[in-house]
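Report on the structure
One letter stands for each residue in the lines below.
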Amino acid sequence: MGSGNHDDKTAGRVLLPAHVVPTRYDLALTPNIEAFTFTGTVDITFRIDGSLLNETNNKSITLHAKELLFSTASYHLLDGPDATPVTAEQMNVNLKATTVEFLFPEPIPPDASTLKLTVAYTGFLNDQMAGFYRSTYTDIQGQSKIMVSTQFEALDARRCFPCVDEPSRKAVFGVTLTVPAHLTCLSNMPEAKVTAINAQQKCVTFMDSVVMSTYLLAFVVGEFDFLQTRSAHGVLIKVYTPPGKAAAGQFALDAAARALDAYNDFFNLPYPLPKLDMVAIPEFAAGAMENWGLVTYREVDLLIDPVKASTMQKQRVAVVVTHELAHQWFGNLVTMAWWDDLWLNEGFASWAENWATNVLYPEYRMWDQFTTGHLSTALRLDALQSSHPIQVPIAHAEEVEQVFDAISYCKGGSVVRMIKAVIGLSAFQDGLGAYMKKHAYGNTETYDLWNAWEASSGMPIGEMMKSWTEQMGFPLVRVRKEDFADDKVVLELDQTWFLSDGSDMQSDKVWTIPILTCTGAGAQADMTLMRDRTATVTIPFDPKDTAPRWIKLNAGQEVPMRVLPGVEMLRRMLVAIASKSMSAIDRAGVLNDSMAVVKAGHMSPEAMMTLLKSYKDEDEYVVWEGLSDALGGLDAVLSDDENMTGYFRVFAKTMVVNLMNKVGWEASDSDEHLTKLLRGIMINLLGAFAYDDESVQQEAKKRFEAFLEDANDIESLPSDMRTAVFKIVLKNGSAKEYEQVKAYFATASDNAERKHVLNSLGCIQDDALKLATMEWSLSGEIKLQDFFYLMGSVGRSSKQGREIAWKFFQENFERIRILLQKAHPALMDACIVMCAGGFCSEERADEIDTFFQAHPLPSSTRKIAQTTEHMRANGKFLRVLKASDLAKAEFWEKL
Ligand code: BES
Ligand code: ZN
């Protein structure tokens, strides 16, 4: 059971002094959109904690602040008759700590209970997508325009107003904005009052917010069109789009209305605000941000062109919208007390985005996709020694920026899914409802959630979950002995910490593992918990049953772990895979686990190839997602060995063409969602393994030419295959095709269309044009938020592409660093991964480490360590492959 000893945990944290605690902010801002500045006044009401007042702090109030210039600060007491303002004598800005200390001549009296601080200041409307910032965009008349909006999570409310910028310091916010009269002006709450100041300016006051954390405050000022609807529970929902694009908001509007109702019912607690606005922001670092009542999005993650959007774009918008709306409860209503429990926000929302999308669009089969998506991403990262536990100690708040990663999101989502599998939907939901009610408008730690589920399920959730969230990594469950009989199978299991390169850390880590199994007769009802290093499990077969006697561990891939099956067990599973009598999730699971255990040296490469071959008739999207990762991953590792690359690519091409013959190029209206996604993957794989095939070239060219005639001809070139066809054409093309694809960037109707260009352009074979593509990313024509797409199109295009991208990155490091230095560190991380992440050898890993030692990037250290560790594991794997039969032509002939 989580003990939650608060004092121990807070000991290392750098927090603001707590002798005064804000309860209310009244914020009045006047942005000057031409001058890129704003003026602000904030009145902060503080509760005084007399027990913490002492000689050293009673004349001072310290707040977070960054890039603000202060003109005056004064306070007056609210409870006594003496309301004379006391003006600050000193305003000490600490750049490193991002704080300002106001020092007053008079001490705060020990018996005072509340005071109000008034601060006047100015700030900048920056172009770094953080704090109060500006975006540039082109309107439908082709005019360049500016709009302003905010992004405060995690630590940038302090760039807009002085505040206690800590998630547990919740307060009420009253916002007033003075803006040009013709602009739309939004904040978390509806407008309360609008007054015209003169013909040009208006002053908008919003209703008081509910009690919430600073990182959730938001405002937006600009020109918009909107669409609106009302949820069944009566919440007014609007989607704001750039002028002329309202229709593109329809899909997200429908999704939001239905999702809000679904969550309302699921948590059994209404959405507490009168309205929900969702806005597309032209420049946006992340995908979206859950500001309470005013959710902001990157355009491509909100807007869906009703005709042109691809199946994947729709799914992405559904997922992003449902993710952010889950936060309206999980995160906004109930908030983690400190950033070391960030996973409570992001892990839960990552679970919920799948739950809600699956409720809204069951045909997407999100839980099938979870296996090859979130789960697989989580395990890939968490198999590294440079990973971190889900609950990660954060001393300085800025460390949290590096924790918005696959551990918090994907592993977090995976452990939530595991709990649901263990306790069942009804206890899961009851526990959540109770947790929400108990902690509404408050803050929690991880053990509060465990306690709620313990109460609803009667199971020792706290004890079990400690092993998953407090220790980094996950187990490999190995079948040490297998004994198949007609009426049962007995398995002896052990568990060890799984590392991607197979290192044996001699560690004493043990996980509490739910053992869930399935056989030819279906999933087994009984679940046992494996608490020790070893366990023996017996699974009965009904002797009368004629179902094939195979068994798989980790049924439904519910537990975030890897399994190494016994030889006989694997042999039997291969039959079930080839005949598809095993479910798609489990087929994908066996594949993903096997690829990882082979790489770690626990299974032979020869067995891996036999396994891959058993998927030759596979036609399920989720399994193909796994196959695509497997084939692509092997291709990358083998690319440093010419012979094996040759053999392997023939094998991969055969598999892909086999699928191609089933799925075909021609989309039909009756195709299901996953069939459309499958065709997208397939054409992408054709681009990887068969782009020079005569018929593939011709088909792509034909469709590309139809597109050149008319970019709106989505019959000939559906969006689902647009990027992939561009890639095939570029791989076979010359400067002419390069210019044709590039030219589309200027004429495309929206960012989603421009993304097809960004994601494909680097596939051109010519080195000079690959380099030109890298140059273009920094030319000023591409937004900061989009650099990494273009860089990735080069870095991931071929062996020579990754050389060019890495060389370019090194030579232009200063330029890239300066451009991105104040933007969200995730954007630099993405550039690093795209330019340096493609290599598969120890030498290259050393080279990359050496480079970053000479050019340190403190906020990307974790990402760099993870990237090179991954690379070293691949290098080790290549050596194993070279020593295996895969290096011999006869092996491939016989396969
Ligand atoms: N809270 C995050 C946005 C965020 C990310 C703020 C990083 C500060 C730093 C938001 O809820 C989120 O997770 N957005 C995701 C989308 C989601 C579907 C995974 C994103 O931006 O990619
Ligand atoms: Zn989130």
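Because the structure is predicted, anything quoted here is derived from the model rather than measured.

Structural notes on the environment of Ser500
- As for its position among the elements, Ser500 is in the loop between β24 (488-497) and β25 (513-515).
- For Ser500, a relative accessible area of 11% puts it in the buried group.
- Once the C-alpha coordinates of Ser500 and Gly601 are considered, the two residues, 101 residues apart in sequence, prove to be 9.0 Å apart.
- Those residues in contact with Ser500, other than ones at most four positions away along the chain, are Ala383, Leu384, Lys599, Ala600 and Ala873.

Looking at the sheet that holds strand β6 (residues 90-94)
- Spatially, three strands are ordered β3-β7-β6 in an open sheet, and the strand pairing comes out antiparallel. Every other strand in the sheet has two partners, leaving β3 (60-64) and β6 as the edge strands with one partner each. The sheet shows a mean angle of 20° between the axes of neighbouring strands, taken without regard to direction.
- The pairing of β3 with strand β7 (residues 99-103) spans five bridges and is antiparallel. In the sheet register, His64 faces β7, and the bridge partner there is Thr99.

A short note on the UniProt feature "site: Transition state stabilizer" (unreviewed entry) in the protein
- According to UniProt, the feature "site: Transition state stabilizer" (unreviewed entry) maps to Tyr409 in the numbering used here.
- With respect to the element layout, Tyr409 can be found in helix α6 (residues 406-439).
- Assessed through its relative accessible area of 25%, Tyr409 is described here as partly exposed.
- Excluding residues within four positions of it along the chain, Tyr409 makes contact with His323, Glu346, Gly347, Ser350 and Phe404.
- Here the side chain of Tyr409 touches Glu346 through a polar contact of 3.4 Å, side chain to side chain.

As for the state of the cysteines
- One pass over the full model with this rule turns up zero disulfides.
- Just so you know, Cys160 is unpaired, no disulfide at all, and the nearest cysteine sulfur is the one on Cys163, 8.5 Å from it.

Notes on the side chain of Lys731
- Position of Lys731 among the secondary structure elements: in helix α16 (residues 719-731).
- One buried charged side chain, Lys731, makes no salt bridge at all; its nearest oppositely charged neighbour is Asp635, positioned 7.5 Å away.
- Within polar-contact distance, the side chain of Lys731 engages the backbone oxygen of Gly687 at 3.0 Å.
- When near neighbours in sequence (up to four residues on either side) are disregarded, Lys731 contacts Gly687, Ala688, Tyr691, Cys763, Gln765 and Ser797.

Some thoughts on the coordination of the zinc ion (ligand 2)
- Around the zinc ion (ligand 2), the protein supplies His323 (NE2), His327 (NE2) and Glu346 (OE) as donor atoms, at distances of 1.9 to 2.1 Å.
- Summarised as a motif, the one-chain spacing of the donors to the zinc ion (ligand 2) is H-x3-H-x18-E. Placement of His323 in helix α3 (residues 311-329) and of Glu346 in helix α4 (residues 342-360) is noted, with a sequence separation of 23 residues between them.

Side note on the confidence of the model for the protein
- Per-chain confidence: the protein averages 94 in pLDDT, with 99% of residues scoring 70 or above.
- Low pLDDT (under 50) marks residues 1-6, which in the prediction has seven contacts with non-local residues, meaning those over four places away or in another chain.

Describing helix α9 (residues 567-578)
- The terminal C-alpha atoms of α9, which comprises twelve residues, lie 17 Å apart, in line with the 16 Å expected from a rise of 1.5 Å per residue.
- Taken as a whole, α9 has its buried residues at Met569, Leu570, Met573, Leu574, Ala576 and Ile577. Taken down its axis, α9 places every buried residue within 165° of arc, on the same side. Relative to its buried face, α9 has exposed residues pointing more than 90 degrees away, namely Val567 and Val575.
- Buried positions along α9 lie against β23 (475-484), β24, β30 (551-553), α10 (584-599) and α11 (605-613).
- Just downstream of α9, Lys580 is the residue with a positive phi angle, here 60°.

Here we look at the sheet that holds strand β27 (residues 522-523)
- With antiparallel pairing, three strands are arranged side by side in an open sheet as β27-β26-β30. What marks the edges here is a single partner per strand, and that holds for β27 and β30.
- Bridge count for strand β26 (residues 517-519) against β30 is three bridges, and the pairing is antiparallel. Its bridge partner lying in β30, Cys518 is registered against Lys552.

A short note on the pattern of salt bridges
- Counting across every chain of the model gives 48 salt bridges.
- The salt bridge partner of Glu847 is Arg844, with a shortest N-O separation of 3.5 Å. With Glu847 and Arg844 both in helix α24 (residues 842-854) and three residues apart, the pair spans about one turn of that helix.
- Taken together, the shared-partner salt bridges in this structure form one network comprising Glu666, Glu699, Lys702 and Arg703.

Let's talk about α10
- Between its first and last C-alpha, α10 extends 23 Å over 16 residues, near the 22 Å set by a 1.5 Å rise per residue.
- For α10, a buried count of 16 out of 16 residues is recorded, marking the element as mostly surrounded by other parts of the structure.
- Among the residues trailing α10, Gly601 stands out with phi positive, at a value near 85°.

So, the site of ligand 1
- As a structural note, the neighbourhood of ligand 1 is formed by 17 residues, with Glu153, Gly287, Glu290, Glu324 and Tyr409 the closest of them.
- Here a nitrogen atom of ligand 1 sits 2.7 Å away from a polar atom, N or O, in the side chain of Glu153.
- Measuring from an oxygen atom of ligand 1, one finds a backbone N or O atom of Gly287 at 2.5 Å.
- Only β19 (288-289), α3 and α4 provide two or more residues apiece to the shell around ligand 1.
- Here the shell around ligand 1 gets five residues from one element, more than from any other, and that element is α3.
- Of the residues contributing to the shell around ligand 1, the split by class is six nonpolar, five polar and six charged.

Here we look at unusual backbone geometry
- Look at the link from Glu153 to Ala154: it is a cis peptide, with omega at 0°.
- Counting through the fold element by element, Ala154 comes out in the loop between β10 (144-151) and β11 (172-180).
- You will see that Phe36, though not glycine, has its phi angle at about 60°, which is positive.
- The topology assignment puts Phe36 in the loop between β1 (20-32) and β2 (37-48).
- We classify Phe36 as partly exposed; its relative accessible area is 28%.
- Unusually for a residue other than glycine, Met129 sits at a positive phi of about 60°.
- On the secondary structure map, Met129 appears in the loop between β8 (114-124) and β9 (131-138).
- A residue is classified by how much of its surface remains accessible, and Met129, at 3% relative accessible area, is buried.

Topic: the environment of Glu283
- Within the element layout of this structure, Glu283 appears in the loop between β18 (275-281) and β19.
- Given a relative accessible area of 14%, Glu283 falls into the buried group.
- For the pair formed by Glu283 and Ala588, sequence separation is 305 residues and the distance between their alpha carbons is 37 Å.

A few points about the packing of aromatic side chains
- Evaluated as defined, the whole model comprises 60 aromatic pairs.
- Seen in terms of ring centroids, Phe648 and Phe689 are 6.2 Å apart; in terms of plane orientation they differ by 80°. Their pairing is edge-to-face. With a gap of 41 residues between them, Phe648 in helix α13 (residues 642-663) and Phe689 in helix α14 (residues 673-689) connect regions that are remote in the sequence. Here Phe648 matches Phe689 in class, with each residue buried.
- A cation sits over an aromatic face here: Lys238 above Phe226, 4.7 Å from the ring centre.
- Here Lys742 stacks its cationic end above the ring of Trp776, 4.7 Å away from the centre of that ring.

Re the packing of helix α12 (residues 621-638) against α14
- Axis separation between α12 and α14 bottoms out at 10 Å; the angle between their running directions is 15°. When the axis of α12 is compared with that of α14, the two are roughly parallel. Crossing hand, α12 versus α14: left-handed. Residues Tyr621, Trp624, Glu625, Ser628, Leu631, Gly632 and Asp635 of α12 pack against Leu674, Leu677, Leu678, Ile681, Leu685 and Phe689 of α14.

Rules and cut-offs
Residues numbered from 1 in each chain as written. Chains lettered and ligands numbered in written order. Predicted model: local features only at pLDDT ≥ 70, side-chain atom pairs only at ≥ 80, totals over all residues. Heavy atoms only, no water. Helix = DSSP H or I, 4+ residues; strand = E, 2+ residues; numbered from the N terminus. Buried < 20%, exposed > 50% of the residue type's maximum accessible area, 1.4 Å probe, protein only. Contact = heavy atoms within 4.5 Å. Pairing = 2+ DSSP bridges. Axes fitted to C-alpha atoms, helices over the stretch in contact; angles between N-to-C directions. UniProt positions renumbered as here; feature names shortened; annotations may be inferred. Polar contact = N/O pair within 3.5 Å; in protein donor to acceptor, adjacent residues only side chain to side chain. Disulfide = S-S within 2.5 Å. Lys, Arg positive; Asp, Glu negative; His and termini not counted. Salt bridge = Lys/Arg side-chain N within 4 Å of Asp/Glu carboxyl O. Donors = N, O, S within 2.8 Å, 3.2 Å for Na, K, Ca; no water. pLDDT = per-residue confidence, 0-100. Expected span 1.5 Å × (residues − 1). Arc of directions from axis to C-beta. Near = heavy atom within 4 Å. Nonpolar A, V, L, I, M, F, W, Y, C, P; charged D, E, K, R; others polar. Phe/Tyr/Trp six-rings, centres within 6.5 Å; stacked < 30°, edge-to-face > 60°. Lys NZ or Arg CZ within 6 Å of the ring centre and 35° of its normal. Parallel < 35°, antiparallel > 145°, perpendicular 65-115°, else oblique. Left-handed = near helix turned anticlockwise from the far one by under 90°.

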